[in-house]
Structure formats: structure tokens, C-alpha cells
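Commentary on secondary and tertiary structure
Residues per chain, in single letters:
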Amino acid sequence: MMSISEAATQSGLPAKTIRYYESIGLVYPPQRGSNGYRRYDQGTIRILQFIRRARGLGFSVEECRNLLSLYQDKNRASAEVKRLTKQRVVDINNKIAELTAMRTTLTQLIDRCQGGQRPDCPILEDLAQSNLPPP
């Protein structure tokens, strides 16, 4: 059994994040020692490492909850895991396309701006234009 600071070190997550995951029920609250301090076991550390890795790959907290449930269900079908992961790749590809479009727009604006001492600036002019539909 280990303290929250030791659990944080072993899991690679800040203690604050561990407490947050406990508060939202992503991780079961740990046992408490006679002094009232949280005491973590290796099983909980593995779960925290699992969550850290999944979050690092961009899965949301709720997706992590689903993946963790599937991980803990030894009778699971891997099809659901694959579906969730494929959806994550679709989301990443959409984000890449969005970021690529942003980079293209910004690069075009940079190329149009002289960057000299004159006050006219195509970048600021473009930002002042509303290219979005009204809310």
C-alpha cells in the first residue's frame, strides 16, 4: 500500500488529478489508513496508468470510463474497443484537417503582411472581418 504522493509518482499523474478521478467515480476511492490518509494498491496504480495512457492518446474522460469498463470485463468483445479506437482516429483526422486549414490561412496572412513600420496590416484586417455566420 502506498500514499497518494507515491501513487502519483508511480502512475505519472498529479495527486490532484488522482483525487479528481476519484471524485467523478473513474477510480474507486482508496482504502484509508488509521491516520485517514489514502492508501493505494498496485491494482489502482495499474488503473491510473491505464487512464493516463488513454488520456494521453486523446480519449475523453467518458471514453476512458468506457474503455476501463471494457478492460475490466474479461468477457468483453473486442469489437467495441476497436469501434471506440477507430472513432478516436476519425476525431484526430478531423482535428488534423482543422489545424492544417488554420495553418494555411495563417501562412497566407503572414505572406500578405509586409511586417514593416506602416500601420496597415492584412492580418488584423482579416481578423476584423467576420467570415463566420451569425450565431
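A brief structural summary. (Residues numbered from 1 in each chain as written. Predicted model: local features only at pLDDT ≥ 70, side-chain atom pairs only at ≥ 80, totals over all residues. Heavy atoms only, no water.)

Bringing the nonpolar core into the picture now. Counting residues in each nonpolar core, the largest one holds 16 residues, and the members touching the most others are Ile 18, Tyr 21, Tyr 40, Leu 48 and Ile 51. It is helix α3 (residues 42–56) that contributes the most residues to this core, four residues altogether. Discounting residues that sit within four places of it in the chain, Ile 51 has contacts with Tyr 21, Leu 26, Val 27, Cys 64 and Leu 68. Judged by nonpolar contacts, the second largest core, of six residues, contains Cys 64, Leu 67, Leu 70 and Leu 84. (Core = buried A, V, L, I, M, F, W, Y, C linked by side-chain atoms within 4.5 Å. Buried < 20%, exposed > 50% of the residue type's maximum accessible area, 1.4 Å probe, protein only. Helix = DSSP H or I, 4+ residues; strand = E, 2+ residues; numbered from the N terminus. Contact = heavy atoms within 4.5 Å.)

At a closest axis distance of 9 Å, the pairing of helix α1 (residues 4–11) and α3 adopts a crossing angle of 45 degrees. Compared by their axis directions, α1 and α3 come out oblique. Handedness of the α1/α3 crossing: right-handed. Residue-level inspection shows Ala 7, Gln 10 and Ser 11 of α1 in contact with α3, the latter providing Gln 42, Ile 45, Leu 48, Gln 49 and Arg 52. Split by residue class, the contact of α1 with α3 holds three nonpolar, four polar and one charged. (Axes fitted to C-alpha atoms, helices over the stretch in contact; angles between N-to-C directions. Parallel < 35°, antiparallel > 145°, perpendicular 65-115°, else oblique. Left-handed = near helix turned anticlockwise from the far one by under 90°. Nonpolar A, V, L, I, M, F, W, Y, C, P; charged D, E, K, R; others polar.)

Next up on the list: the packing of aromatic side chains. Following the criterion strictly, the structure yields two aromatic pairs and no others. Here Tyr 20 and Tyr 21 contribute two aromatic rings whose centre-to-centre distance is 5.9 Å and whose plane-to-plane angle is 50 degrees, an arrangement assigned as tilted. On the accessibility criterion, Tyr 21 (5% relative accessible area) is buried. Across from the ring centre of Tyr 71, 5.1 Å away, lies the NZ or CZ of Lys 74, which sits over that ring. (Phe/Tyr/Trp six-rings, centres within 6.5 Å; stacked < 30°, edge-to-face > 60°. Lys NZ or Arg CZ within 6 Å of the ring centre and 35° of its normal.)

As a further point, take helix α2 (residues 15–23). The set of residues buried in α2 consists of Ile 18, Tyr 21 and Glu 22. For α2, the buried positions fall inside an angular range of 100 degrees around the axis, keeping them on one side. Looking at α2, the residues exposed on the side facing more than 90 degrees away from the buried face are Lys 16 and Ser 23. Where the residues of α2 are buried, they touch α1, β2 (38–39) and α3. Of the residues one or two after α2, Gly 25 is the one with positive phi, at around 80 degrees. (Arc of directions from axis to C-beta.)

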